[in-house]
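# Observations on the model geometry
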Amino acid sequence: TKEKAISFAVSGNGFAWSKRGIALRPTPGSLDGGGCARCNVVKKARFNEEGFWEEEENGWIMFYEGVSSEDGKHRILAAESDDLKTWNKLGLAVDVGEGDEAWDA
């Protein structure tokens, strides 16, 4: 069975890439127990006193699709990193909606 995980690679020119391994893998029994996919990584930021975004000195946030092995639903989860290699899962960012009028993650 293939594991649905998020890997990373590096490039010096944007054309030739070298694989570096898995950055985030599923945690059995969790909201991403069925797999991790489709991520976006952004620099950590916060609103300053003037109401503008201000990047923090260190850190990155990853929003990714987690597939539950319990109900098979896809949710948006979050993780954080200081080095873009080692990630700490933060948990649920956007859950699946309920009912006919609800938004779905």
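Presented here is an overview of the structure given in this document.

## Observations concerning the overall build of the protein chain
A tally of helices and strands in the protein chain yields zero helices and six strands. Its C-alpha atoms put the protein chain at 45 × 40 × 25 Å along the principal axes. When the 105 residues of the protein chain are sorted by exposure, 23% land in the buried category. Within the protein chain, contacts between residues separated by at least 24 positions form 34% of all contacts whose residues are at least 6 apart in sequence. Placing the 13 positive and 19 negative side-chain charges of the protein chain at their respective mean positions leaves the two points 12 Å apart.

## Points about a nonpolar patch on the surface
Where nonpolar side chains cluster on the molecular surface, the patch consists of Val42, Phe63, Ile76 and Val94 and spans about 280 Å² of accessible area. Relative to the assigned elements, isoleucine 76 resides in strand 5 (residues 74-81).

## Considerations on the state of the cysteines
Applying the stated criterion across every chain yields a total of zero disulfides. With no disulfide of its own, cysteine 39 has cysteine 36 as its nearest cysteine by sulfur position, at a separation of 9.6 Å.

## Observations regarding the side chain of aspartate 32
With respect to the element layout, aspartate 32 can be found in the loop between strand 2 (18-24) and strand 3 (35-47). In this structure aspartate 32 comes out as buried when scored by relative accessible area, which is 1%. Within the structure, the side chain of aspartate 32 is placed 2.9 Å from the side chain of tyrosine 64, a separation counted as a polar contact. In contact with aspartate 32, not counting residues within four places along its chain, are Arg25, Pro26, Thr27, Tyr64, Gly66, Val67, Leu77 and Lys89.

## Overview of the sheet that holds strand 5
Strands sit in the order 3-4-5-6 across an open sheet of four strands; the sheet is antiparallel. With one partner strand each, in any of the chains shown, strand 3 and strand 6 (88-94) form the two edges of the open sheet. Geometrically, the sheet is characterised by an average inter-axis angle of 30° between neighbouring strands, direction not taken into account. Pairing of strand 5 with strand 6 involves five bridges; the strand directions are antiparallel. Within strand 6, the position partnered with leucine 77 by the bridge is leucine 92.

## Overview of unusual backbone geometry
Apart from glycine, the bulk of residues carry a negative phi angle, and the bulk of peptide bonds sit in the trans form. Phi angles above zero are rare outside glycine, and arginine 38 is one such case at about 40°. Residue position: arginine 38 is located in strand 3. In this structure arginine 38 comes out as exposed when scored by relative accessible area, which is 65%. Unlike most non-glycine residues, leucine 84 shows phi in positive territory, near 65°.

## Some remarks on the nonpolar core
Soluble globular proteins tend to bury their nonpolar side chains together. Counting residues in each nonpolar core, the largest one holds nine residues, listed as Ile6, Ala23, Leu24, Cys36, Met62, Tyr64, Leu77, Ala79 and Trp87. Put simply, the parts of the chain that give this core at least two residues each are strand 2, strand 4 (53-67) and strand 5. Among all residues touching leucine 24, those that are not within four sequence positions of it are Ala5, Ile6, Cys36, Met62, Tyr64, Ala79, Trp87 and Lys89.

Cut-offs and rules
- Residues numbered from 1 in each chain as written.
- Predicted model: local features only at pLDDT ≥ 70, side-chain atom pairs only at ≥ 80, totals over all residues.
- Heavy atoms only, no water.
- Helix = DSSP H or I, 4+ residues; strand = E, 2+ residues; numbered from the N terminus.
- Buried < 20%, exposed > 50% of the residue type's maximum accessible area, 1.4 Å probe, protein only.
- Contact = heavy atoms within 4.5 Å.
- Lys, Arg positive; Asp, Glu negative; His and termini not counted.
- Charge placed at Lys NZ, Arg CZ, Asp CG, Glu CD.
- Patch = residues over 30% accessible without salt bridge, like charges linked within 9 Å, V, L, I, M, F, W, Y side chains within 5 Å.
- Areas by Shrake-Rupley, 256 points an atom, 1.4 Å probe, with all protein chains shown as cover.
- Salt bridge = Lys/Arg side-chain N within 4 Å of Asp/Glu carboxyl O.
- Disulfide = S-S within 2.5 Å.
- Polar contact = N/O pair within 3.5 Å; in protein donor to acceptor, adjacent residues only side chain to side chain.
- Pairing = 2+ DSSP bridges.
- Axes fitted to C-alpha atoms, helices over the stretch in contact; angles between N-to-C directions.
- Core = buried A, V, L, I, M, F, W, Y, C linked by side-chain atoms within 4.5 Å.

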